[in-house]
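Observations on the three-dimensional arrangement
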Amino acid sequence: MSMENNTALLQNPEVLMKRKVMAIEKINAYMQKLETMEKKFDPLPHFTLHNVLSQISPQFYSKDELAQIEKINQILRQEANLPLISQSKVKRIEVNNKKRYHSSNEDIISDGERKVKSKSVIRRKSIIRREETLLSPPPPDLPSHVNNMIKVLNGSDIKYIMCKELFKSDLNYNLKRLSMPIAKVKSDFLTEIEKATLETRDQEGKPIGLKVTVLDPCFNEFSLFLKKWNMKTTGIYNLVQDWTLVLLKNNFKENQMIDIWSFRVNNKLYLLLNTNELQEVEESVKLNNSTVISKTEEDQKSQRVKIVNS
């Protein structure tokens, strides 16, 4: 091919464009090669893979790369063979920004043993909780006088909430509240809307509460608020506002047991407090009536025997 033909080809726009594209591709390939060459070898992200490959096929690694892998291997071996802390050393523990010291005659356990022990403790706690739920007594029968009162009010959806032991704080007129730990609640007596209402807070972060009607053991009616306080480990339902009126109307005592029931009248939540005292009175009256009837029957039988004998 002559020089004239070469110059003609060089002046062709298509040929120039192809050569330009080829030159750009070569430059890009060269720059990518430089970038890969400049990257430093870091075996840590995939150390297990690098460690195995370096032993099986060391030709894929340079001397420096093999030295880095071996150095990491040495560090791991040293950490694996570290001795336990001696008995004479004292371990310092910081709890709630307060430093305390303790020593032990036994060796301090390793992290692996500590994890195993913590797991076993968690399993034991879960087993204990399951046993507690299985051994928990069934809810008591609804007393007849309570059932009759609920029928009078056209109540429905009766649920047993809990057996509440009255403490000094419940009888304190200054605190003005009856506490009901959620952990001891036996049934889900609230609707989803009511649960959401109990979780709402005002601008000061205080719970708004849910308005409920409370009946005391004598069926006196009170209007109170049910509020939920979230503690660190659990939550507590509290009957507040006018709880002192309930205390004034009733002669509650410390350590007294009260059954708390819930029911609904036209979807409105009612809570009923029952001390079982009325039930005991009813049972005693029934017992007295039965004894009187039995005595009269015995007297009648004795009179009949006397008449026959005469």
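The paragraphs below set out a description of the structure included in this document. Every value quoted in this text rests on a predicted model; they were computed, and no experiment measured them.

1. Focus on the nonpolar core
In this structure, Phe189, Leu226 and Leu239 are the most contacted members of the largest nonpolar core, which totals 26 residues. For this core, the elements supplying multiple residues, two or more each, are β3 (156-165), β4 (177-181), β5 (210-215), β6 (221-230), β7 (235-240), α8 (243-249), β8 (257-265) and β9 (268-274). Once you skip the residues sitting within four places of it in the chain, leucine 239 turns out to touch Lys176, Arg177, Leu178, Met180, Val212, Val214, Leu224, Phe225, Leu226 and Leu271. Judged by nonpolar contacts, the second largest core, of nine residues, contains Tyr160, Trp261, Val265 and Tyr270.

2. As for the packing of aromatic side chains
Taken as a whole and assessed by the stated rule, the structure comprises four aromatic pairs. Ring geometry for phenylalanine 189 against tyrosine 237: centres 5.9 Å apart, planes inclined by 80°, an arrangement best described as edge-to-face. Of the two residues, phenylalanine 189 is situated in the loop between β4 and α7 (192-199) and tyrosine 237 in strand β7; the sequence distance between them amounts to 48 residues. Of the two residues, phenylalanine 189 and tyrosine 237, neither departs from the other in class, the shared state being buried.

3. Comments concerning helix α3 (residues 47-56)
Those residues of α3 not exposed but buried are Phe47, His50, Asn51 and Ser54. For α3, the angular spread of buried residues about the axis comes to 100°, placing them on one side. Turned more than 90 degrees away from the buried face of α3, the exposed residues are Thr48, Leu49 and Ile56.

4. Section: the sheet that holds β5
Ordered in space as β3-β8-β9-β5-β6-β7-β4, the seven strands form an open sheet in which the pairing is mixed. Because the sheet does not close on itself, it has two edges, and the strands there are β3 and β4. Each adjacent strand pair in this sheet contributes to an overall mean axis angle of 30°, direction not counted. Along the sheet face, helix α6 (residues 144-152) touches β3, β8 and β9 and points at about 155° away from the line of β9. Sitting on the sheet, α7 is in contact with β5, β6, β7, β8 and β9, with an inclination near 70° to β6.

What counts, and where the lines are drawn
- Residues numbered from 1 in each chain as written.
- Predicted model: local features only at pLDDT ≥ 70, side-chain atom pairs only at ≥ 80, totals over all residues.
- Heavy atoms only, no water.
- Core = buried A, V, L, I, M, F, W, Y, C linked by side-chain atoms within 4.5 Å.
- Buried < 20%, exposed > 50% of the residue type's maximum accessible area, 1.4 Å probe, protein only.
- Helix = DSSP H or I, 4+ residues; strand = E, 2+ residues; numbered from the N terminus.
- Contact = heavy atoms within 4.5 Å.
- Phe/Tyr/Trp six-rings, centres within 6.5 Å; stacked < 30°, edge-to-face > 60°.
- Arc of directions from axis to C-beta.
- Pairing = 2+ DSSP bridges.
- Axes fitted to C-alpha atoms, helices over the stretch in contact; angles between N-to-C directions.

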